[in-house]
Amino acid sequence: MSTGLESFAVNSKKILGAALNYMDIVRERNVPVPKDPVVFLKPSTSLIQEGQDIVIPKVFTKVAHEVELGVVIGKKCKNVSRDEALSFIGGYCLALDMTAQCDLGEARKNGHPWSLGKGFDTSTPVSRLLKPEEIADPHNLDLWLKVNDKLVQEGNTADLIFNVADLISFCSKYMTLEPNDIILTGTPKNSLPVKNGDVIECGIGKLIKMKFNCKDE
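Quick caveat, the model's predicted, so the values are computed rather than measured. (Residues numbered from 1 in each chain as written. Predicted model: local features only at pLDDT ≥ 70, side-chain atom pairs only at ≥ 80, totals over all residues. Heavy atoms only, no water.)

Caption draft 1: Representation of the overall build of the chain. Along the chain, the regular secondary structure elements total six helices and 15 strands. For 217 residues, the compact-globule estimate of 2.2 N^0.38 gives 17 Å, and the C-alpha radius of gyration of the chain, at 16 Å, lies within 12% of that figure. Per-residue burial over the chain gives 53% buried out of 217 residues. A fraction of 78% describes how many contacts in the chain between residues 6 or more apart in sequence connect residues 24 or more apart. When the accessible area of the chain is evaluated, it comes to approximately 10,200 Å², of which 50% is carbon and sulfur surface. (Helix = DSSP H or I, 4+ residues; strand = E, 2+ residues; numbered from the N terminus. Rg over C-alpha atoms; globule rule 2.2 N^0.38 Å. Buried < 20%, exposed > 50% of the residue type's maximum accessible area, 1.4 Å probe, protein only. Contact = heavy atoms within 4.5 Å. Areas by Shrake-Rupley, 256 points an atom, 1.4 Å probe, with all protein chains shown as cover.)

Dropping the structure here:
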């Protein structure tokens, strides 16, 4: 049965991303475990699907891949508790949060926003909608990513610092979440730069995978 969310990548109004949300990243960077989710916004114009290319903007020198589990909101929610948060999920997706590390490094150092390094066109490739029944447990999913057939990123959502319910509840305290909105739950370690001609393939276990070509602007 159609939920109307199958076209979420076209109809989404906003994307919220969680940074520093895997324990292996915190250990790798030797930074404190966040007390609350670190959340940033990406514009809907950053969304692409298979068949489109990831375009590396000429204003950036270092754009890296981040494989993530995406959560697609199914109904409007505001100020929801952790206990009720999962009932607002319309589905999931496999996602990439392409990140201009050159820009983010400077932004972090100077206390500036992350909008440009996270929100450029083609920076949020997503898969088809995964219906809730296709995901037995969102907190036990293997994520993987290959660049040119070489395995680079591996992780499991069991390693999330703030789980899916935490993120929905937290974000809904600050802004209304609407159908088709996407929450990106974070990426495991080994987020590395890509270059023109690279081919990224990523997946959630054997459940779903997607492939994108990278090219210079």
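Caption draft 2: Representation of helix α6 (residues 164-174). Of all the eleven residues making up α6, nine are buried; the element is thus mostly covered by neighbouring parts of the structure. Those residues of α6 not exposed but buried are V164, A165, D166, L167, I168, S169, F170, C171 and S172. The inward-facing, buried residues of α6 contact β1 (15-19), β2 (38-42), β6 (67-73), α3 (82-85), β7 (89-96) and β12 (182-184). A distance of 3.1 Å separates the backbone nitrogen of A165 from a side-chain oxygen at the start of α6, and that oxygen is part of N163. (Polar contact = N/O pair within 3.5 Å; in protein donor to acceptor, adjacent residues only side chain to side chain.)

Caption draft 3: Inspection of the packing of aromatic side chains at higher detail. Applying the stated rule across the entire model yields three aromatic pairs. Taking the centre distance of 5.7 Å and the plane angle of 40° together, the rings of F40 and W114 count as tilted. Residue F40 is located in strand β2, and its partner W114 is located in the loop between α4 (101-110) and α5 (115-119); the two are separated by 74 residues in the primary sequence. Judged by its relative accessible area of 8%, F40 falls in the buried class. (Phe/Tyr/Trp six-rings, centres within 6.5 Å; stacked < 30°, edge-to-face > 60°.)

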